[in-house]
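Residues per chain are reported as follows:
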Amino acid sequence: MERGAGQGAPVFDLPKVELHVHLDGAIKPETILYFGKKRGIPLPGDTVEDLLQHVSYTEPLTLTQFLEKFALYLPAIVGDRDAVRRIAYEFVEMKAKEGVIYVEVRYSPHLLANCKVHPVPWGQEEGDLTPDEVVHLVNQGLQDGERHFNIKARSILYCMRHMPNWSLEVVELCKKYRNNTVVAIDLAGDELLVAETFPEHRKAYEEAERCGIHRTVHAGEVGAPSVIKEAVNVLKTERIGHGYHVLEDPALYRELLGRKMHFETCLLCSVLTGACDPDFRKHPVIQFMNDKANYSLNSDSPLILNSTIETDYKIAKQFLGFTEEELKRVNINAAKSSFLPEKEKNELLSKLYEAYGMVPDNPS
Ligand SMILES: O=c1[nH]cnc2c1ncn2[C@H]1C[C@H](O)[C@@H](CO)O1
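Rules and cut-offs
- Residues numbered from 1 in each chain as written.
- Predicted model: local features only at pLDDT ≥ 70, side-chain atom pairs only at ≥ 80, totals over all residues.
- Heavy atoms only, no water.
- Helix = DSSP H or I, 4+ residues; strand = E, 2+ residues; numbered from the N terminus.
- Buried < 20%, exposed > 50% of the residue type's maximum accessible area, 1.4 Å probe, protein only.
- Contact = heavy atoms within 4.5 Å.
- Areas by Shrake-Rupley, 256 points an atom, 1.4 Å probe, with all protein chains shown as cover.
- Lys, Arg positive; Asp, Glu negative; His and termini not counted.
- Charge placed at Lys NZ, Arg CZ, Asp CG, Glu CD.
- Near = heavy atom within 4 Å.
- Polar contact = N/O pair within 3.5 Å; in protein donor to acceptor, adjacent residues only side chain to side chain.
- Nonpolar A, V, L, I, M, F, W, Y, C, P; charged D, E, K, R; others polar.
- Pairing = 2+ DSSP bridges.
- Right-handed = clockwise from strand over helix to strand, strands pointing away.

A. Structural view of the overall build of the protein chain. Of regular secondary structure, the protein chain possesses 16 helices and eight strands. On the principal axes, the C-alpha backbone points of the protein chain span a range of 55 × 50 × 40 Å. Evaluated residue by residue, the protein chain yields a buried proportion of 59% over its 364 residues. Sequence-distant contacts, at least 24 apart, represent 74% of the contacts inside the protein chain between residues at least 6 apart. Split by element, the accessible area of the protein chain, about 14700 Å² in all, is 51% carbon and sulfur. The average position of the 42 basic charges and that of the 54 acidic charges among the side chains of the protein chain differ by 4 Å.

In structure tokens:
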């Protein structure tokens, strides 16, 4: 049985689109153990169960505590060429098994590197894997996966809120590798610790806009609506990562509804990071659903949340009262708000309409 998926038939056994999932939060525990052993890097457990006991959790923590989990296992992967390529390949395999036909996966090239990155992340020794080569390796893994598992995978490179000195390199990598899986730039990290948008982030986003690189920003996950406002008005974001706290500013919410701004929501993650009340009856996504907002359902970091995308769909159906129609609408919205070029977007939409038995002229 797949972890986190639970038992029984999938709640939505139709093709899906996923837009918000972190590559380094979606690694198979077996792969972490394999590379930890091979490279002699200590891990908090030496069986899948042991490792998951430390890395995954089921009761709400804070976003800061959630983000600390990455440090428990990433040293086994980062800085290793085979490991980086393999996690990308296995990610595509995992998504294909979950019935996802188009995925945008995101990561920080700097957080997977150990050379030409300051500071060298995760307490590693300096090595010879640069952020540029990380992108090249992830691309190879994703493209091999696409060929073998017959799904489409694109990538988003992110800046980290607390690392403004990486941001201009991130946008240059987006430019270099656009048309080679990379479709967009993102800004991730801990809004609780650093809500500020440094000038370097602003410059990177200006350059992205100038070059036609798509833009999304983690904003209003745990942070205030002002972070969302800045993402929209200053960073010119086209989508919002999470964005739950937009509801605290009704004028902003109305404006974004009017602009059909896309919210990349992650139900289980929103509760386990303390972003939202654990009582799903009060979840902001219910309001999004009632208002026919433009949003998608996503898994964020399934390894740490001990979940799959199925877990989020199950929550939507069982606790938030989603109908099959709404699940279809959410996926159509995801496809429409994807960062694919127009022609490929239309092909993706046609596939969904056909699988859902819908006519394109009557999408809702
Ligand atoms: O939910 C999230 N919000 C902000 N940043 C996140 C989230 N999930 C993962 N990340 C980022 C921050 C971690 O340090 C990084 C690991 O790639 O991934």
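B. Representation of the site of the ligand within the structure. The environment of the ligand is formed by 16 residues, the closest being Asp24, Tyr158, Gly189, Glu221 and Asp300. Note that a nitrogen atom of the ligand is positioned 3.3 Å from one of the side-chain N or O atoms of aspartate 300. For the ligand, whose accessible area on its own is 390 Å², the fraction buried by protein is 97%. Elements supplying a minimum of two residues to the shell around the ligand: helix 3 (63-68) and strand 3 (152-160). When residues in the shell around the ligand are grouped by element, the largest group, three residues, is from helix 3. For the shell around the ligand, the residue count by class is eight nonpolar, five polar and three charged.

C. Structural view of the pairing of strand 3. Of all nine residues in strand 3, eight are buried; the element is thus mostly enclosed. Relative to strand 3, strand 2 (residues 100-107) runs parallel, the two being bridged by six bridges. The partner of arginine 106 across the bridge, within strand 3, is isoleucine 156. Note that the unit made of strand 2, helix 6 (residues 131-149) and strand 3 has a crossover that is right-handed.

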